[in-house]
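# Observations on the model geometry
Now for the letters of each chain:
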Amino acid sequence: MGIAQIGRIILLSLLAAIIVFVIIEAKPSKATKGSPVILVPGDGGNQLWATLNKSSTVHYLCTKKSDLYNLWLNLEELFPYLIECFVDNIIMQYDNKTRTIHDAPGVNVYLKDFGNTSTVEWLDPSQVTLAKYFVGLVNALVKVGYERGVSVRGAPFDFRRAPHDDGGWGVALKHLIEDTYKINGNRKVVLISHSLGGPFTLYFLNKMTPDWKNKFLESFVPIAAPFAGATKITRMFSSGDNFDEYVINAITVRPAQRTYPSSAFLLPSSKYWDDDEVLMYTQKFNYTVNDYKKFFMDLGCPSCWDLRVDTKDLIHDLIAPGLPVYGIHGRDVDTEEQYTFDASHKFPDAQPVIKFGQGDGTVNMRSLKSYLKWGKEQKAPVTEYEIPGGEHLAILQNTTLHQYIIHNILKL
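To start, this report covers the structure provided alongside it. (Residues numbered from 1 in each chain as written. Predicted model: local features only at pLDDT ≥ 70, side-chain atom pairs only at ≥ 80, totals over all residues. Heavy atoms only, no water.)

What follows deals with the packing of aromatic side chains. All told, the structure shown has 21 aromatic pairs when counted by the stated rule. Ring centres of Phe204 and Trp212 lie 5.9 Å apart, and the angle between their planes is 80 degrees; this geometry places the pair in the edge-to-face category. With respect to burial, Phe204 and Trp212 carry one shared label: buried. For the pair Phe341 and Phe347, a centre-to-centre distance of 5.1 Å together with 80 degrees between the ring planes defines the contact as edge-to-face. Relative accessible area serves as the criterion here: at 25%, Phe347 is assigned to the partly exposed category. Through a chain of ring-to-ring contacts, three or more aromatic side chains come together here, namely Phe237, Phe285, Tyr287, Phe295, Phe296, Phe341 and Phe347. (Phe/Tyr/Trp six-rings, centres within 6.5 Å; stacked < 30°, edge-to-face > 60°. Buried < 20%, exposed > 50% of the residue type's maximum accessible area, 1.4 Å probe, protein only.)

Residues Tyr60, Leu61, Phe79, Tyr81 and Leu82 make up a contiguous nonpolar surface patch of about 590 Å² in total accessible area. Tyr81 sits in the exposed class, given a relative accessible area of 51%. (Patch = residues over 30% accessible without salt bridge, like charges linked within 9 Å, V, L, I, M, F, W, Y side chains within 5 Å. Areas by Shrake-Rupley, 256 points an atom, 1.4 Å probe, with all protein chains shown as cover. Salt bridge = Lys/Arg side-chain N within 4 Å of Asp/Glu carboxyl O.)

Burial along strand S1 (residues 37–40) is two-sided: Val37 and Leu39 facing one way and Ile38 and Val40 facing the other are all buried. Sheet topology places S1 next to strand S8 (residues 189–194); four bridges connect them, and they run parallel. Along S8, the bridge assignment pairs Leu39 with Ile192. Where S1 and strand S7 (residues 152–154) come together, three bridges link them in parallel fashion. Directly across from Ile38, in S7, lies its bridge partner Arg153. (Helix = DSSP H or I, 4+ residues; strand = E, 2+ residues; numbered from the N terminus. Pairing = 2+ DSSP bridges.)

Further remarks concern the sheet that holds strand S13 (residues 335–340). An order of S11-S10-S13-S14 is seen for the four strands of this open sheet, with the pairing classed as mixed. Only two strands of the sheet have a single partner each, and these edge strands are strand S11 (286–287) and strand S14 (353–357). Taken together, the five bridges between S13 and S14 define a ladder with antiparallel strand orientation. Bridge pairing links Gln338 to Lys355 in S14.

Bringing unusual backbone geometry into the picture now. In this chain, Trp72 is followed by Leu73 through a cis amide linkage whose omega measures -5 degrees. A cis amide bond links Phe347 to the next residue, Pro348, at an omega of 0 degrees. Here Asp113, not a glycine, exhibits a phi torsion of approximately 55 degrees, which is positive. Examined against the element boundaries, Asp113 turns out to sit in the loop between strand S6 (107–110) and helix H3 (118–121). Judged by its relative accessible area of 37%, Asp113 falls in the partly exposed class. At Gln127, a residue that is not glycine, the phi angle is positive and equals roughly 60 degrees. With respect to the secondary-structure elements, Gln127 resides in the loop between H3 and helix H4 (135–143). Residue classification places Gln127 among the partly exposed positions, given a relative accessible area of 45%.

A few words now on the pattern of salt bridges. For the coordinates displayed, the defined rule picks out 23 salt bridges. Among the salt bridges present, the one from Glu377 reaches Lys373, with a minimum N-O distance of 2.9 Å. Judged by its relative accessible area of 43%, Glu377 is partly exposed. Within the structure, one salt-bridge network assembled from shared partners comprises Asp103, Asp158, Arg160, Arg161 and Asp165.

Among the residues of helix H14 (residues 399–409), those classed as buried are Leu401, His402, Tyr404, Ile405, Ile406 and Ile409. The elements touched by buried residues of H14 are H4, S8, strand S9 (217–223), strand S12 (325–331) and strand S15 (382–388). Between the side-chain oxygen at the start of H14 and the backbone nitrogen of Thr400 there is a gap of 2.7 Å, and the oxygen is on Asn398. Lys411 lies just past H14 and shows a positive phi near 60 degrees. (Contact = heavy atoms within 4.5 Å. Polar contact = N/O pair within 3.5 Å; in protein donor to acceptor, adjacent residues only side chain to side chain.)

Our focus in this paragraph is the pairing of strand S4 (residues 92–95). Consecutive side chains of a regular strand alternate in pointing toward one face of the sheet and then the other. As judged from the four bridges shared by S4 and strand S5 (residues 100–103), these two strands associate in the antiparallel manner. Bridge pairing links Asp95 to Thr100 in S5. Hairpin connection of S4 to S5: four residues between the antiparallel strands, including Arg99 at a positive phi of 55 degrees.

What follows deals with the state of the cysteines. Scanning all chains against the criterion turns up two disulfides. The partner cysteine of Cys62 in its disulfide is Cys85, sulfur to sulfur 2.0 Å. Across the S-S bond linking Cys62 and Cys85, the dihedral sits near -85 degrees, which makes this disulfide left-handed. Here Cys62, found in the loop between strand S2 (48–53) and strand S3 (65–72), pairs with Cys85, found in helix H2 (residues 82–90); they are 23 residues apart in sequence, far enough to count as distant. With relative accessibility at 6%, the residue Cys85 sits in the buried group. In this model, Cys301 is linked to Cys304 through a disulfide, with the two sulfur atoms separated by 2.0 Å. Here the disulfide of Cys301 and Cys304 is right-handed, its torsion about the S-S bond being about 65 degrees. Classification of Cys301 as buried rests on a relative accessible area of 9%. With a relative accessible area of 0%, Cys304 lands in the buried category. If you count the bonded cysteines of the protein from the N-terminus, they pair up as 1-2, 3-4. (Disulfide = S-S within 2.5 Å.)

Moving on, we come to helix H9 (residues 250–257). Where H9 is concerned, the buried positions are Ala250, Val253, Arg254, Ala256 and Gln257. All buried residues of H9 lie within an arc of 165 degrees about the axis, which places them on one face of the element. Buried residues along H9 sit against H2, helix H8 (232–239) and helix H10 (261–265). (Arc of directions from axis to C-beta.)

These values are about where atoms sit, not about what they do.
Here you go:
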């Protein structure tokens, strides 16, 4: 049994232990009037912690051995040179024989405080302003009587993974929902997700029986969900994504980004992009949604294609969840739609010329609206609430969003 397999077993054991602790220690809520809430974060939307026991490092500034420390988000590690250490620790390894994904050798990645909100409110434990995540919404809920860890809870996950190989998250989420229902007087739970958390939650809901969902769940609230993928992912695979931070070299972080199953999972869907619609123009070939295999082979990344094969059908048909759905997303924010590599922007290592379209700045509008088809496929209501100028991440701190959830969904 290798280190990566041991790490996965430890992660599953840790999740199980945390769940037991929550069930034993959580006390029934007396103050909350609305339905209890569980928050499911998005890509990069919760803290990841790790221990190190490495035989070598990529830079003399990197640490070989470490007790538990915050791997993501640790702003100090995003500075030049230190970011090489970060990439080497957060990168994943794919086993094409077992078709499973593992942490890098000598690295074990963990989740902390599953069931609480601490690691989904702030991405960096130092709680610097740049690291805000669900904190605005949680604070708004607390003001109307919600209690952290009891009636508003968090379900962090390893966002590098895809939902079919989630490190035990689906099992943990099921237990958390049942426990939250119980300690809140047998009241049904509202699942509120952001970004990648939407597709993850949909995959989970599609696995649950109608009877179970009817008993434990009140509704599903996907915020800024890329149910049909996002064009931006193609650029991330080709040239890397520096998170719009000029101090970060996109090529430096690209090796890690290419190893994440969640990235392959979020490529634009062939159901919402036309066969002849070019995503990326280059001097030698123009790539569409039907050319992902050639795209990855041209990038010299056959494992990227393996990841796509493993994830492309997980929610491809967007099967309705069978719950009331209150979709929320932004609009009128320039969103990457198409790319051109030319002599001045050489494929794939340069950043391309970008054509922008409608969306929330990260997710294309057609993907944000793709869930609306459920209105014709299930009896439960499916609604849409658009926030003009609601940028993909900033929308979580938007007071309009908070008030809409509190008054229109939680009915407070």
